[in-house]
Structure formats: structure tokens, C-alpha cells
Amino acid sequence: MTDAQETAADSSLRTTGGAPPDDVETAPIPLLEPREGIPPVIADEAALAQVVAAFAAGTGPVAVDAERASGYRYGQRAYLVQLRREGAGSALIDPVACPDLSGFGAAIEDAEWVLHAATQDLPCLREIGMVPSELFDTELAGRLAGFPRVGLGAMVENVLGYVLEKGHSAVDWSTRPLPEPWLRYAALDVELLVDLRDALEKELDRQGKLDWAHQEFDAIASAPPAPPRKDPWRRTSGMHKVRRRRQMAVVRELWTARDRVAQRRDVSPGKVLGDTAIVEAALALPPNVHALAALPGFGHRMGRRQLEQWQAAVDHARELPDAELPQPGQQVAGPPPPRAWADKDPAAAARLSAARAAVSTLAETLNMPQENLITPDTVRRVCWEPPSVVDPESVEAALASHGARRWQVEQVTPVLVAALASRP
């Protein structure tokens, strides 16, 4: 970062917002340009080996980003990986042509990886052999520092004073060859990521939050892969309309059939059959293909063979014995929904109300979102089953048992002790 950029960054980090005075002229914000142009896409092992060597010889943190084809392809695999490091420049890698990037991951293993919204990209990077041992998440850093808008474009503009090109974030990155405007957009995503990291580190340090951020980053880097979701069909959009067990079975069978087709065709499940159509079929329980075709989502453009496929799933659900029907409203481990607390346990409801208010006030004081100060689920669990003796030591232990980081425990314990000890 140049001295001018650093001065602009420091100034923008400390701005309180609002429009400039009428008598002050503001220069247009420059559009960010790739410093070395658009790098070629690495799509063979020989070119990959050269880039790996260059990045291994580079210095400092490594900016990392990945593009997926959400909404177009099945799953969340990476279709482009972007990297940048001092001394190596930028690189664009095609993980379809080079599916094993474990060698690249090993070459930069000891470096700090800089990502924006790291939890979104880490799963697909892990699939191709890239796992960081140390990271810096610029989106999370922005949240902890109190920025109201933490998208990459907003952060680069507000902190570094550059405008990122927009318009290609939701394209089909499985397209081959990738159009040049898309590659330009992808390269710019890592162009100033390390500069942004450096500016945010200074701001977090100024606010006394840098150690908090490092605790968060360490937790992300050391977190194991998320386990598969239990009964993922229950997350079908509109599921709240489905009340009867037989109808739930229809959702389950249609969801499962759709997933098989989507995986076989490598397309997004929503392109095979929409959630709305699944719910409509569950509510109507159509007795035959003719009745199914009359429902929204099963229109005239759907072929007879497809209709028969979906009707077979409906028929299977209709014929299941009662013992094999899904149970309604299966509750995950933990407390019930907060709306039910007043009836089930009025004292717990009062504790939760007091705790939420206290956490909200503390989050405002610390200038960060409540969910980053402490997760709402952690607050609910501690309020539903508080320690038998409420004191700082017992509350600290309860928070830590639910995964709260040390800085969160230190900040939240005093207000939770007061909330849990209060009487309605």
C-alpha cells in the first residue's frame, strides 16, 4: 500500500459517516485496475508447478478466494481459485483441470491466508487439498471493527478508496472458457485483499480488538468440517405449511428423488424441481399424473416421463405404513423455540429477555453485531439451563462449554451473571 493509500485508509477507518459538507469537493473514487493485467488461467500441471514455485518463493500473507457455481451446479465445489502474494503476483487456477491443489496448499502452508468470508470458501478449498493453518478473515474483521457494510466491494471502497467492478458474483463459474470480464472480476477480488487486511489490523489494534479477532480466526482455521445435515429435506422452503406426517413423507420422497437427479445431471436441485412445487404436491397429495400436472411447478413444459418420476415418489409416500412416516417438528438438541418459553418456563423466558437486552446493550457499546459478540444460540442455551449457582465462574464455564471464545467469555460473563441472577 502506498503512503497515500495508507493515509486514505486511516482516514476512512476513522470517519463517522454522513455526506461531506456542500462546500467540499470530493474526487471520484477510482476504479480498481489489475496491477499486472489479467493473469492466464492455470489449467495444466506444468503451469501449475511454476505458479506453486513462485508462490512458495513469495513473501508475506497470501490472498485467497474461490468461485463456485451455486444455483447452476450440484454441490459447492470450486470452479476457479484466485491467489495473490507479494513477489509472486496473482494467479487464477482452474480446479476442474487441476483438481488436486494439495501441493499448492503445502507450498503456502506456513503463510497466513487472507480470505473474505472465510467460512464460505474453506469447504470447497478443503475438497481440492487447500487447508490453511493460519488465516485472516477481512469480512469478520470488518464486523468486529464495527463497519456497517462488510461486503468486499464496500470494504475496499470505504477503507482503501477504490471501487471494485461488480456484476459477476452470481454467474455460472463452471462455464468454459471463462469470459475475460469474469476473469478480470475474479483477479480483482484478491488484488487488494492483503492491503485491506493490513488496514483492518491497524484499526482492530486501535480499538483494542486485535486479540479478539485472532481468537476468532484461530477458531475458524481449526474447526473440523461440518457434519452432514440430518434430514436436509426439512429445510425445504415453505416447509412450515406442511403439517401432516403423510404430507411430510411426500416432501421427503420428492426431495430425495430430486437430489438423485440433480447429482446425476450435475445441476442445482432447484433447476430440477422447485421447492414450491414439492410443497404444493405434499399439500395436494395428487392421486395420479394428471392431477400432479395441474399443480404449480409441474406445468405443461414438463415431460410425461418427468411427471411419472415425481408421481412415483408421491405414490411411494402415500403407501408408506404409519410407522415409517416422519415425525412432525423433530426438535434438534437444545432448548425449544423462544416463542414457546413463556408457556413452558416463564422464569426462563424472563431470563432470556433480560439476557438479550444486556447483550444488545453491550454489543452497541463495543460497536459490533450481537451475533459476533456471542451467538444467540449460546445465550438461549445458558438461559434455558443456567448453572445451579449463578456466579462468574459457573457462567464462564457454561459459555466455554458451548464454544464461546475466551474474549467472548470475558466480555459477556458480567452481563449474563446479572441477567441470570435478576428476578422478574
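Residues numbered from 1 in each chain as written. Predicted model: local features only at pLDDT ≥ 70, side-chain atom pairs only at ≥ 80, totals over all residues. Heavy atoms only, no water.

- The name an unreviewed UniProt entry gives the chain is Ribonuclease D, with Streptomyces kunmingensis as the organism.

## Looking at the overall build of the chain
Move 1: Of the regular secondary structure elements, the chain holds 20 helices and 6 strands.
Move 2: In terms of overall dimensions, the chain has C-alpha extents of about 70 × 65 × 50 Å along its principal axes.
Move 3: Burial analysis of the chain (424 residues in total) assigns 44% to the buried set.
Move 4: Look at the contacts in the chain between residues 6 or more apart in sequence, and 67% of them connect residues 24 or more apart.
Move 5: Taken as a whole, the chain presents about 21600 Å² of accessible surface, with 51% of it coming from carbon and sulfur. (Helix = DSSP H or I, 4+ residues; strand = E, 2+ residues; numbered from the N terminus. Buried < 20%, exposed > 50% of the residue type's maximum accessible area, 1.4 Å probe, protein only. Contact = heavy atoms within 4.5 Å. Areas by Shrake-Rupley, 256 points an atom, 1.4 Å probe, with all protein chains shown as cover.)

## A short note on the UniProt feature "domain: HRDC" (unreviewed entry) in the chain
Move 1: Under the feature "domain: HRDC" (unreviewed entry), the UniProt entry names residues 244-324.
Move 2: With 69% helix and 0% strand, the stretch residues 244-324 has end C-alpha atoms that lie 13 Å from each other. (UniProt positions renumbered as here; feature names shortened; annotations may be inferred.)

## Regarding helix 14 (residues 304-319)
Move 1: With 16 residues, helix 14 should reach 22 Å at 1.5 Å per residue; the first-to-last C-alpha distance of 22 Å fits that figure.
Move 2: Listed in full, the buried residues belonging to helix 14 are Leu307, Trp310, Gln311, Ala313, Val314 and Ala317. Buried residues of helix 14, seen end-on, are gathered within an arc of 150° and therefore sit on one face of the element. Exposed and oriented more than 90 degrees from the buried face of helix 14 are Arg304, Arg305 and Glu319.
Move 3: On its buried side, helix 14 packs onto helix 10 (245-265), helix 11 (269-272) and helix 13 (289-293). (Expected span 1.5 Å × (residues − 1). Arc of directions from axis to C-beta.)

## A closer look at the confidence of the model for the chain
Move 1: Of the residues in the chain, 91% have a pLDDT of 70 or more, and the chain-wide mean is 91.
Move 2: When the criterion is pLDDT under 50, residues 1-24 qualifies, and its contacts beyond four places in sequence or with other chains add up to 22 contacts. (pLDDT = per-residue confidence, 0-100.)

## Digging into the sheet that holds strand 6 (residues 135-137)
Move 1: Here we have 6 strands laid out as an open sheet, ordered 1-4-3-2-5-6, and mixed in their pairing. At either margin of the open sheet sits one strand with a lone partner, and together these are strand 1 (41-42) and strand 6.
Move 2: In this sheet, strand 6 lies alongside strand 5 (residues 113-115) in parallel orientation, the contact comprising 3 bridges. Within strand 6, the residue paired with Leu115 across the bridge is Asp137. (Pairing = 2+ DSSP bridges.)

## Describing the packing of helix 5 (residues 138-145) against helix 8 (residues 193-206)
Move 1: Relative orientation of the contacting elements helix 5 and helix 8 amounts to 25°, with a least axis distance of 10 Å. As far as their axial angle goes, helix 8 and helix 5 are roughly parallel. Crossing geometry of helix 5 relative to helix 8 is assigned as left-handed. In contact with Thr138, Ala141, Gly142, Leu144 and Ala145 of helix 5, helix 8 contributes Leu193, Leu196, Arg197, Leu200, Glu203 and Leu204.
Move 2: Grouping the constituent residues of the contact of helix 5 with helix 8 by class yields 7 nonpolar, 2 polar and 2 charged. (Axes fitted to C-alpha atoms, helices over the stretch in contact; angles between N-to-C directions. Parallel < 35°, antiparallel > 145°, perpendicular 65-115°, else oblique. Left-handed = near helix turned anticlockwise from the far one by under 90°. Nonpolar A, V, L, I, M, F, W, Y, C, P; charged D, E, K, R; others polar.)

## Some remarks on the packing of aromatic side chains
Move 1: Applying the stated criterion to the full structure yields 6 aromatic pairs.
Move 2: What links up through ring pairs into an aromatic cluster is the set Trp173, Trp182 and Tyr185.
Move 3: Lying across the ring of Tyr79, Arg77 places its NZ or CZ 4.9 Å from the centre. (Phe/Tyr/Trp six-rings, centres within 6.5 Å; stacked < 30°, edge-to-face > 60°. Lys NZ or Arg CZ within 6 Å of the ring centre and 35° of its normal.)

## With respect to unusual backbone geometry
Working note: non-glycine residues mostly have negative phi, and peptide bonds are mostly trans.
Move 1: The amide bond that connects Arg176 to the next residue, Pro177, takes the cis arrangement and shows omega of -5°.
Move 2: Mapped onto the elements, Pro177 comes out in the loop between helix 6 (152-160) and helix 7 (180-188).
Move 3: The residue Asp266 is not glycine, and still its phi comes out positive at about 55°.
Move 4: Residue classification places Asp266 among the partly exposed residues on the basis of a relative accessible area of 26%.

## As for the pairing of strand 3 (residues 78-86)
Move 1: Within strand 3, 8 of the 9 residues are buried, which leaves the element mostly enclosed by the surrounding structure.
Move 2: Looking at chain direction, strand 2 (residues 59-68) and strand 3 are connected through 8 bridges and run antiparallel. Bridge pairing in strand 3 places Glu67 opposite Leu80.
Move 3: Pairing analysis gives 5 bridges linking strand 3 to strand 4 (residues 89-93), with the strands arranged antiparallel. The residue of strand 4 that forms the bridge with Gln82 is Leu92.
Move 4: Counting the residues in the hairpin turn of strand 3 and strand 4 gives 2 residues, including Gly87, whose phi is positive at 90°.

## As for the state of the cysteines
As used in these notes, a disulfide is a covalent bond between sulfur atoms, one from each of two cysteines.
Move 1: Counted under the stated rule, the structure contains 0 disulfides.
Move 2: Here Cys98 stays unpaired: no disulfide links it, and the sulfur of Cys124, its closest cysteine neighbor, is 16 Å away. (Disulfide = S-S within 2.5 Å.)

## What about the pairing of strand 2?
Move 1: In terms of residue burial, strand 2 counts as a mostly covered element, since 7 of its 10 residues are buried.
Move 2: Bridging between strand 2 and strand 5 involves 2 bridges; their strand directions are parallel. Its bridge partner lying in strand 5, Val62 is registered against Trp113.

## Some details on the nonpolar core
Move 1: Ranked by internal contacts, the top residues of the largest apolar core, which has 82 residues, are Leu83 and Phe104.
Move 2: Excluding residues that lie within four positions of it along the chain, Phe104 makes contacts with Leu48, Val51, Val52, Phe55, Leu83 and Ile93.
Move 3: Membership of the second largest hydrophobic core comes to 33 residues, among which are Ala281, Leu285, Val314 and Leu320. (Core = buried A, V, L, I, M, F, W, Y, C linked by side-chain atoms within 4.5 Å.)

## Side note on the environment of Phe136
Move 1: Relative to the assigned elements, Phe136 resides in strand 6.
Move 2: You can call Phe136 buried: its relative accessible area is 0%.
Move 3: With 64 residues separating them in the primary sequence, Phe136 and Leu200 have C-alpha atoms 10.0 Å apart.
Move 4: Residues within four places of Phe136 in sequence aside, it is in contact with Glu112, Trp113, Val114, Leu115, Ala141, Arg197, Leu200, Glu201, Leu204 and Phe217.

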